[in-house]
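Secondary and tertiary structure notes
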Amino acid sequence: MQNKPIYVTMPALPPLDEFVHYLEGIWSRRVLTNQGPLHQEFEQLLAAYLEVPHLSLFSSGTAALVTALQALDLTGEVITTPFSFVATSNAIMWNGLTPVFVDIDPDTLNLDATQIEQAITPKTTAILAVHCYGYPCDTSEIGAIATRHGLKVIYDAAHAFGVRDGNGSILKHGDLSVVSFHATKVFNTFEGGAVICGSAELKSRLDQLKNFGLASETEMASPGLNGKMSEINAAMGLVQLRHINDAITARKVVDARYRAALANVRGIRCLEGSAKAPNFSYFPVLITDDFPISRDELHALLKEENIYARRYFYPLLCDLGAYSHLPSATGDFGVARPSSERIMCLPIYPDLAWHDVDRIVATIAKAAAV
Ligand SMILES: *Cc1c(COP(=O)(O)O)cnc(C)c1O
């Protein structure tokens, strides 16, 4: 008999009756979108929960990223990482800008701050870094480089909901940070996202741009998207907020069980972030050369056991057809390339059963022993 499938993640769902309560409100008010009351309430409570000054809700993390870059009036080149989800570099392209890929740091797999400066040209206007797996980037070094060269900094913080470093929320770094509330993320509103910013002025610019760029009924400031979050997604967010701390605590338990069980498996390196308050959004491991089979062989072997680990992130963005023609795509990426060939994210979600964690570990340990 085939074991039941274990996916890399399962969306956290709050108690249905709590959601239904909000639906009844939507039905009685007949306000479905356009910054309705739930949108406003969620925006306020979320900013308070995340301990950030201002944020603007969006219909997706990608719409939020595209609009964040647009709001900063960038031109030319944007320095970014090749080790991320396609939405990161796609958002640069959507704005008519050129991504410039720079290699990553071997410990965090985030943009290597020591290699940014050599990629800066007269055309560079911004750095778009990713807090991969919610592990904080070297924000102080990136900030110092940006100041020296007059660049904007945007963080793709799609993985970094609620993460804190020694100075509080990591979402406060840079000019703008973007989070995603997609179903697969730590905190979900079915689909959704937000841009975090430091001033009320920037927030109103973002609010305008996500509403077609309209400045009034008859005026348009700049051509914007329809990136508005609907009332139903905001309702989901309000319910999820009540349960997010429990969800992160449950993830922490899974994380600890993996770390203990994999500690003695030769050739498996569990990654570790430096966040003061991590969110346990992913469980990335590197299948090193000490492991008897390759990452792809282990990935396939797990699949045969109905365990769906994911190769986040493979292939590198610079190797995708849309990007491989760029001058920066031909770099040697001495860290990003081998990492992308060895990385695998194991299943993690709040109600992942212990016996399922044990089955995943046992499958890996068996492969390690041959
Ligand atoms: C999920 C994700 C996004 C996009 O978010 P959506 O809400 O799915 O549009 C962007 N960047 C990274 C790194 C992601 O993982």
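Residues numbered from 1 in each chain as written. Predicted model: local features only at pLDDT ≥ 70, side-chain atom pairs only at ≥ 80, totals over all residues. Heavy atoms only, no water.

Looking at the domain arrangement of the protein chain
For clarity, the cut-off: Just so you know, the domain bounds were taken from an automatic or database domain assignment. By definition, residues are in contact when any of their heavy atoms lie within 4.5 Å. When two parts are brought into contact, each loses some accessible area as probed by a 1.4 Å sphere; the total of that loss over both is the buried area.
Domain boundaries in the protein chain define domain 1 (16-240) and domain 2 (244-368). Using C-alpha coordinates to define each centre, domain 1 is positioned 25 Å away from domain 2. On the side of domain 2, 36 residues touch domain 1, which itself brings 38 residues to the contact. A combined buried area of about 3100 Å² lies between domain 1 and domain 2, and 66% of that area is made up of carbon and sulfur atoms.

As for helix 1 (residues 16-29)
One turn of the α-helix equals 3.6 residues, which is why residues spaced by three or four share an orientation. Counted only if it meets this: A run of H or I in DSSP becomes a helix once it reaches four residues, and a run of E becomes a strand once it reaches two; helices and strands are each numbered from the N terminus. Given the number of residues in a helix, its expected span is that number minus one, multiplied by 1.5 Å. Categorising residues by exposure relies on relative accessible area from a 1.4 Å probe, with only protein chains included: less than 20% of the type maximum marks a residue as buried, more than 50% marks it as exposed, and the intermediate range marks it as partly exposed. The arc in question is the one traced by the directions running from the helix axis out to the C-beta atoms.
Given a rise of 1.5 Å per residue, 14 residues ought to cover 20 Å, and the 20 Å separating the end C-alpha atoms of helix 1 matches this to within 8%. If you check which residues of helix 1 are buried, you get Glu18, Phe19, Tyr22, Gly25 and Ile26. Viewed end-on, helix 1 has its buried residues packed into an arc of 110°, placing them on one side of the element. Exposed residues lying more than 90 degrees from the buried face of helix 1 are Leu16, Asp17, His21, Glu24, Trp27 and Ser28. Among the residues trailing helix 1, Arg30 stands out with phi positive, at a value near 60°.

A few points about the packing of aromatic side chains
The test is simple: Stacked, tilted and edge-to-face are the three classes assigned to paired rings of Phe, Tyr and Trp, where Trp is represented by its six-membered ring and a pair needs centres within 6.5 Å; plane angles under 30 degrees give stacked, over 60 edge-to-face, the rest tilted. Think of it as a cone above the ring: NZ of Lys or CZ of Arg counts as a charge over the ring if it is within 6 Å of the ring centre and within 35 degrees of the ring normal.
Scanning the entire structure with this criterion turns up 15 aromatic pairs. Note on Phe161 and Phe181: the rings are 6.1 Å apart at their centroids and 80° apart in plane angle, and the pair reads as edge-to-face. With a gap of 20 residues between them, Phe161 in the loop between strand 6 (152-156) and strand 7 (164-165) and Phe181 in the loop between strand 9 (176-180) and strand 10 (193-197) connect regions that are remote in the sequence. Here Phe161 falls in the buried class, since its relative accessible area comes to 2%. Following the ring pairs from residue to residue traces out a cluster consisting of Phe83, Tyr133, Tyr135, Tyr282, Tyr312 and Phe313. Lys210 extends its terminal NZ or CZ atom over the ring of Phe58, reaching a point 5.4 Å from the ring centre. The ring of Tyr314 has Arg295 sitting right over it, with the charged end atom 4.7 Å from the ring centre.

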